[in-house]
Amino acid sequence: MAAYRVHPSSIVEDGARIGDDCEIGPFCHIGPSVVLGPGARLKSHVVLAGNTTIGDGARIHPFASIGTEPQHLKYLGEDTRLVIGRNCLIREHVTMNAGTVQGRSETTVGDNCAFFTGAHVAHDCVLGDNVTLINHVMLAGHCTVGDFATIAGGSGIHQFTRIGHHAYVGGLAAVEGDVIPFGMVLGNRAYLSGLNVIGMKRAGFNRDAIRNVRKAYRMLFSDDTTFRENLDEVEAEYPNDPLVQDLLGFVRSGGDRAICFPRSVRPN
């Protein structure tokens, strides 16, 4: 006897692996290569497709479409994957696609993430833990989003963009540049408007740690000298501060997109 509950109107195809204590509501469709962890709750009209693994305790709301083919014109049916961590909240009309062989062959979502109505996670994205995507966020292919980042409603993130950990993207932003850890960006096209200090406080960073990051931020984006000189100056000022060094490491490691700058500062 199955250790999970399935509404008689739902379809669970042969081969699907469903964990103990799952509840699958009306009119859901679960494909043959899906792995659904224990304790998941599918409200109704949920589609889980492709080679998709979802961790324990997922809560998935009506009309979510998870693990479907990537929206990529070169996709030819290759066996790529979507892996979602534990305790994720997926609200109505959320879409998440599998990876592509042109990328990582896998789209990855961490633990304790929340995806609100209409959010989209495209192929080959990598999301850390405790990431929040508010309503109708559009995350294009190959994006990376760090732990505890929040992207507010209606924002669009350009492909290959990096969003640093504990960053905040304001509502309706169009982001085409990398967002530094702890950074806060606003606007179309998005510009760096400061630090996500509220998020840092909520995450438990102490006053000294926040003060050092704020000073490093002001030094880094000073227009008195070049950005490269500013990097070296911050490096010398805070050689042993882990948060500042993490921020510098993000900038120095580079990516496919330029860094978002404050509106009043020109990259140099």
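Nothing here was measured: the structure is a model prediction, and the numbers come from that model.

A few points about the sheet that holds strand S16 (residues 114-115)
Part 1 of the argument: The strand order across the open sheet formed by 11 strands is S1-S4-S7-S10-S13-S16-S19-S22-S25-S27-S28, and the pairing between neighbours is mixed. Strands with a single pairing partner mark the edges of an open sheet, and in this sheet they are strand S1 (5-6) and strand S28 (191-195).

Describing the pairing of strand S27 (residues 183-186)
Part 1 of the argument: Only one face of S27 is buried, namely the one carrying Gly183 and Val185, since none of Met184 and Leu186 on the opposite face is buried.
Part 2 of the argument: Summarising the sheet, strand S25 (residues 168-169) and S27 pair through 2 bridges and their orientation is parallel. For Val169, the partnering residue across the bridge sits in S27 and is Val185.
Part 3 of the argument: Sheet topology places S27 next to S28; 4 bridges connect them, and they run antiparallel. Its bridge partner lying in S28, Val185 is registered against Leu192.

A few points about the sheet that holds strand S15 (residues 106-109)
Backbone-to-backbone hydrogen bonds pair the strands of a sheet. The strands run either parallel or antiparallel.
Part 1 of the argument: Read from one edge to the other, the open sheet built from 8 strands follows the order S3-S6-S9-S12-S15-S18-S21-S24, with strand pairing classed as parallel. Of all strands in the sheet, those bounded by a partner on one side alone are strand S3 (17-18) and strand S24 (162-163).
Part 2 of the argument: Where S3 and strand S6 (residues 35-36) come together, 2 bridges link them in parallel fashion. Of the residues in S6, the one forming a bridge with Arg17 is Val35.

Regarding the pattern of salt bridges
Part 1 of the argument: A complete count under the given rule lists 13 salt bridges for this structure.
Part 2 of the argument: Between Arg41 and Asp21 there is a salt bridge, with its nearest N and O atoms 3.4 Å apart. Taken together, the positions of Arg41 in strand S7 (residues 41-42) and Asp21 in the loop between S3 and strand S4 (23-24) put the pair 20 residues apart, joining distant regions of the chain.
Part 3 of the argument: On the accessibility criterion, Arg41 (24% relative accessible area) is partly exposed.
Part 4 of the argument: When the shortest N-O distance is used, the salt bridge between Glu106 and Arg81 registers 3.0 Å. With Glu106 in strand S15 and Arg81 in strand S12 (residues 81-84), the pair connects residues that are 25 residues apart, well separated along the chain.
Part 5 of the argument: Owing to a relative accessible area of 17%, Glu106 belongs among the buried residues under this scheme.
Part 6 of the argument: By sharing partners, the salt bridges in this structure join Arg5, Asp21, Glu23 and Arg41 into a single network.

Remarks on helix H3 (residues 227-237)
Part 1 of the argument: Among all positions in H3, only Phe227, Asn230, Leu231 and Val234 are buried. In a view along the axis of H3, the buried residues occupy a sector of 105 degrees, so they form one face of it. Those residues of H3 that are exposed and aimed more than 90 degrees away from the buried face are Arg228 and Ala236.

Describing the layout of surface pockets
Part 1 of the argument: Its boundaries defined by the atoms lining it, the largest pocket holds a volume of some 230 Å³.
Part 2 of the argument: Taken together, 13 residues make up the lining of the largest pocket; nearest its centre are Phe148, Thr150, Asn196, Gly199 and Arg202.
Part 3 of the argument: Sort the elements by how many residues they give to the lining of the largest pocket and helix H1 (residues 197-202) lands first, with 4 residues.
Part 4 of the argument: Counted by class, the lining of the largest pocket contains 6 nonpolar, 6 polar and 1 charged residues.

Conventions we followed
- Residues numbered from 1 in each chain as written.
- Predicted model: local features only at pLDDT ≥ 70, side-chain atom pairs only at ≥ 80, totals over all residues.
- Heavy atoms only, no water.
- Pairing = 2+ DSSP bridges.
- Helix = DSSP H or I, 4+ residues; strand = E, 2+ residues; numbered from the N terminus.
- Buried < 20%, exposed > 50% of the residue type's maximum accessible area, 1.4 Å probe, protein only.
- Salt bridge = Lys/Arg side-chain N within 4 Å of Asp/Glu carboxyl O.
- Arc of directions from axis to C-beta.
- 1 Å grid on protein atoms, 1.4 Å probe; cavity = no way out; pocket = protein on both sides within 12 Å on 5 of 7 lines; lining within 4 Å.
- Points joined across faces, edges and corners; volume = space filled by probe spheres on them.
- Nonpolar A, V, L, I, M, F, W, Y, C, P; charged D, E, K, R; others polar.

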